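Here is what each chain is made of, one letter per residue.
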Amino acid sequence: MSEDEVNAVEAYGARGDGGGGEHARRFRTLFPLLTGVVLALAACSDAGPNDRDSGAQGDNFGPMAIIRMEPPAIRYQALGGTGPVEIGDTCVTLTRANGDKLLLVWRETDVLWDEGSRTITFAARPDEPLVIADGDEVTVGGRALIHEDGSPVEVEWIVTPNAGCTGTPWDVSSTSASPPAGLLE
């Protein structure tokens, strides 16, 4: 060890004799206490990836696939299509007029699931919530969660789609009960 290295080690109280000096003694005394405090704070503050921030719904999303979008979330407005919504036991899909199926993926802060009526309330605009039941004709806007090259778009999943669900995953950022006037598919 060079003289500079020896001086540096001694300056921090580690003499190499197993005692470690005053700084090392303090560290050994405080380390367990500090570790306990850090772990306790982490346990209290970590809500986990499946906990809703609002606490209004808990983890009950029924058959919906759910993603988290941090504010300010971009509202994609590509037309997904219009068609009947199928609310199954494990998936929510929309079948367009041409037969293509969309696997609807909802944003955690935009929807509420009602198990009793098996309906979805889409409330991205609180002044105009839309209650969607199985079979309702709906138009969805948003974006496909698959890039043109076939690779998936990276999102933070709260509830991943069931492996048996089919259709193009579609990030729903807007809905309406009827197609916009003059829209042809």
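Residues numbered from 1 in each chain as written. Predicted model: local features only at pLDDT ≥ 70, side-chain atom pairs only at ≥ 80, totals over all residues. Heavy atoms only, no water.

What follows deals with the confidence of the model for the protein. Any segment with low pLDDT has predicted coordinates that should not be analysed in fine detail. Of the residues in the protein, 62% have a pLDDT of 70 or more, and the chain-wide mean is 74. For the protein, per-element mean pLDDT is lowest for helix α2 (residues 21-45), which scores 36, and highest for strand β3 (residues 92-95), which scores 98. This model gives residues 5-20 a pLDDT under 50, and the stretch forms 13 contacts once residues within four places in sequence are excluded. Counted against residues more than four places away or in other chains, residues 23-58, with its pLDDT under 50, gives 25 contacts. (pLDDT = per-residue confidence, 0-100. Helix = DSSP H or I, 4+ residues; strand = E, 2+ residues; numbered from the N terminus. Contact = heavy atoms within 4.5 Å.)

The next thing to look at is the state of the cysteines. Under the counting rule described, the total for this entry stands at one disulfide. Each sulfur in the disulfide pair cysteine 91 and cysteine 165 lies 1.8 Å from the other. One quick way to see it: the torsion about the S-S bond of cysteine 91 and cysteine 165 is about -95°, and its sign makes the bridge left-handed. Of this pair, cysteine 91 sits in the loop between β2 (78-87) and β3 while cysteine 165 sits in the loop between β9 (156-159) and β10 (168-176), placing them 74 residues apart in sequence. (Disulfide = S-S within 2.5 Å.)

The next point concerns the pairing of strand β5 (residues 111-114). Burial along β5 is one-sided: the face carrying Val111 and Trp113 is buried and the face carrying Leu112 and Asp114 is not. Between β5 and strand β6 (residues 119-122), which pair antiparallel one after the other, the connecting turn spans four residues, and arginine 118 there sits at a positive phi close to 50°. (Buried < 20%, exposed > 50% of the residue type's maximum accessible area, 1.4 Å probe, protein only. Pairing = 2+ DSSP bridges.)

Moving on: the side chain of serine 173. Residue position: serine 173 is located in strand β10. A relative accessible area of 3% means that serine 173 is categorised as buried. Contacts of serine 173, omitting those with residues within four sequence positions, involve Arg75, Tyr76, Gln77, Arg107, Phe122, Gly141 and Gly142.

Here we come to the nonpolar core. Counting residues in each nonpolar core, the largest one holds 21 residues, and the members touching the most others are Met64, Leu104, Trp106 and Ile120. For this core, the leading source of residues is strand β4 (residues 101-107), giving three residues. Residues contacting tryptophan 106, with those up to four places away along its chain left out, are Met64, Ala65, Ile66, Ile67, Val92, Val111, Ile120, Phe122, Ile132, Val172 and Thr175. Counting residues in hydrophobic clusters, the runner-up holds seven residues, among them Ala65, Leu145, Val153 and Val155. (Core = buried A, V, L, I, M, F, W, Y, C linked by side-chain atoms within 4.5 Å.)

Right, let's get into the sheet that holds strand β7 (residues 130-132). Remark on secondary structure: sheet strands pair via backbone hydrogen bonds, oriented parallel or antiparallel. Here we have three strands laid out as an open sheet, ordered β5-β6-β7, and antiparallel in their pairing. Here the strands that pair on one side only, and so sit at the sheet edges, are β5 and β7. Adjacent strand axes in the sheet meet at a mean angle of 20°, parallel and antiparallel pairs treated alike. Sheet analysis places β5 next to β6, joined by four bridges and oriented antiparallel. Opposite valine 111, over in β6, you have phenylalanine 122 as the bridge partner. (Axes fitted to C-alpha atoms, helices over the stretch in contact; angles between N-to-C directions.)

Attention now moves to the pattern of salt bridges. Scanning the model with the defined rule gives seven salt bridges in all. One salt bridge in this structure joins arginine 118 and glutamate 115, with 3.8 Å as the shortest N-O distance. Its relative accessible area of 43% is what places glutamate 115 among the partly exposed residues. Through salt bridges with shared partners, a single ionic network connects Arg68, Glu108 and Glu156. (Salt bridge = Lys/Arg side-chain N within 4 Å of Asp/Glu carboxyl O.)

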